[in-house]
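Survey of secondary and tertiary structure
Spelled out from the first residue to the last, the chains are:
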Amino acid sequence: MTELKTDRLLLRQWQDSDYEPFAAMNADPAVMEHFPAPMTREASDGLIDRIKLSIEERGFGLWALEVLDTGRFIGFTGLSVPSFEAHFMPAVEIGWRLSKDAWGNGYASEAARASLSYGFGPAGLEEIVSFTATTNKPSQRVMERIGMTHDEVGEFDHPKLEPGHRLERHVLYRITRAQWERR
């Protein structure tokens, strides 16, 4: 099973002990501000189950994120294949979601760089994208810190959101293998 380590973090397969703190994180309105709504425990548990299967099938996914010094679960970071149609599909996306008490430590950027290294290394990807609601400035800053470029003509209305939804409009960021290697 693929695990990635950075100086401070472990990106790993999900464990039974992750379900409860992940559900608490997904129920936090601050964490879920840029998502349609906080998640129920059932929806959160189902998400872990789908992520675990994806990691088993592909060798990569949205890995559980743990602080090495403490063993504390703080969220996820990794690579996934979006499940909707858009002009930039097919694609592999990099994403993250961290508990509020983990914000401001550089963990998302650190884990995302490790995920990009894996994506452009062992996974053999040529391009990785990231997207978020136009209002999610913190995630856009992470995208920029890890070397991604805003594709201004690539902005789109997320097809899984109702027209007019406050989060409907999304920005698109991209990075190619060549850009990653030049950084």
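These remarks concern the structure in this document. Every chain is numbered on its own, with residues counted from 1 as its sequence reads. In view of the model being predicted, local features appear only for residues whose pLDDT reaches at least 70, and side-chain atom pairs are presented and counted only at 80 or more, with totals across whole chains, interfaces and linings using the full set of residues. With hydrogens and water excluded, all non-hydrogen atoms of the structure serve as input to the side-chain values.

**With respect to the pairing of strand 5 (residues 93-98)**
Put simply, the rule is: The classification of residues rests on relative accessible area computed with a 1.4 Å probe and restricted to protein chains. Under 20% of the type maximum is buried, over 50% is exposed, and intermediate values are partly exposed. In DSSP terms, a helix is any run of H or I states spanning at least four residues, a strand is any run of E spanning at least two, and both are numbered starting from the N terminus. At least two DSSP bridges between two strands are required for those strands to pair.
Across the 6 residues of strand 5, 6 count as buried, placing the element largely inside the fold. Side chains Glu93, Gly95 and Arg97 project from strand 5 onto one buried face, and the interleaved Ile94, Trp96 and Leu98 project onto a second face that is buried too. Summarising the sheet, strand 4 (residues 73-80) and strand 5 pair through 6 bridges and their orientation is antiparallel. In the sheet register, Thr77 faces strand 5, and the bridge partner there is Trp96.

**Observations regarding the packing of aromatic side chains**
How two aromatic rings sit relative to each other is given by the distance of their centres and the angle of their planes. What counts is decided by this rule: Two aromatic rings, drawn from Phe, Tyr or Trp (for Trp, its six-membered ring), form a pair once their centres lie within 6.5 Å of each other, and the interplanar angle then sorts them: stacked below 30 degrees, edge-to-face above 60, tilted otherwise. Here, a charge over a ring means that NZ of Lys or CZ of Arg falls within 6 Å of the ring centre while also lying within 35 degrees of the ring normal.
Scanning the model with the defined rule gives 13 aromatic pairs in all. Residues Phe22 and Phe76 carry aromatic rings whose centres are separated by 6.0 Å and whose planes lie at 55 degrees to one another, so their mutual orientation is tilted. Of this pair, Phe22 sits in helix 1 (residues 19-26) while Phe76 sits in strand 4, placing them 54 residues apart in sequence. Look at Phe120 and Trp180: their rings are 6.3 Å apart centre to centre, the planes differ by 35 degrees, and that puts the pair in the tilted class. Of this pair, Phe120 sits in helix 3 (residues 107-120) while Trp180 sits in helix 5 (residues 177-182), and the two are 60 residues apart along the sequence. Pair check on accessibility: Phe120 and Trp180 agree, each one buried. Through a chain of ring-to-ring contacts, three or more aromatic side chains come together here, namely Trp14, Phe22, Phe73 and Phe76. Positioned above the aromatic ring of Phe35 is the side chain of Arg97, whose terminal nitrogen or guanidinium carbon lies 4.3 Å from the ring centre. Sitting over the ring of Trp180, Arg183 keeps its end group 3.6 Å from the ring centre.

**Notes on the pattern of salt bridges**
Here the idea is simple: oppositely charged side chains can pair when their charged atoms come close. To be explicit about the condition: Salt bridges are identified by distance alone: a Lys or Arg side-chain nitrogen within 4 Å of an Asp or Glu carboxyl oxygen.
This structure, assessed with the given rule, holds 10 salt bridges. Residues joined by salt bridges that share partners form a network here, namely Arg12, Asp18 and Glu66.

**Looking at the nonpolar core**
Test applied: Grouping buried Ala, Val, Leu, Ile, Met, Phe, Trp, Tyr and Cys residues that are joined through side-chain atoms within 4.5 Å yields what is termed a nonpolar core. By the convention used here, residues are in contact when the closest approach between their heavy atoms is within 4.5 Å.
In this structure, Trp14, Ile94 and Trp96 are the most contacted members of the largest nonpolar core, which totals 47 residues. Here the element with the most residues in this core is helix 3; it accounts for 8 residues. Non-local contacts of Trp96, meaning those with residues more than four positions away in its chain, are made with Phe76, Thr77, Ala108, Ala112, Ser130, Ser139, Val142, Met143 and Ile146. Phe84, Ala86, Phe131 and Phe156 belong to the second largest nonpolar core, which has 9 residues in total.

**Some thoughts on the side chain of Arg177**
For the record, the criterion: For the purposes of these results, a polar contact is taken to be a pair of N or O atoms within 3.5 Å, where, inside protein, one atom must be able to donate a hydrogen and its partner to accept one; residues adjacent in sequence count only when each atom of the pair is a side-chain atom.
Mapped onto the elements of the fold, Arg177 is located in helix 5. Assessed through its relative accessible area of 18%, Arg177 is described here as buried. Polar side-chain contacts of Arg177 include one of 2.5 Å to the backbone oxygen of Phe120. Arg177 has contacts with Phe120, Gly124, Leu125 and Glu126, leaving out every residue within four places of it along the chain.

In short, the description is geometric, and any link to function would need to be established separately.
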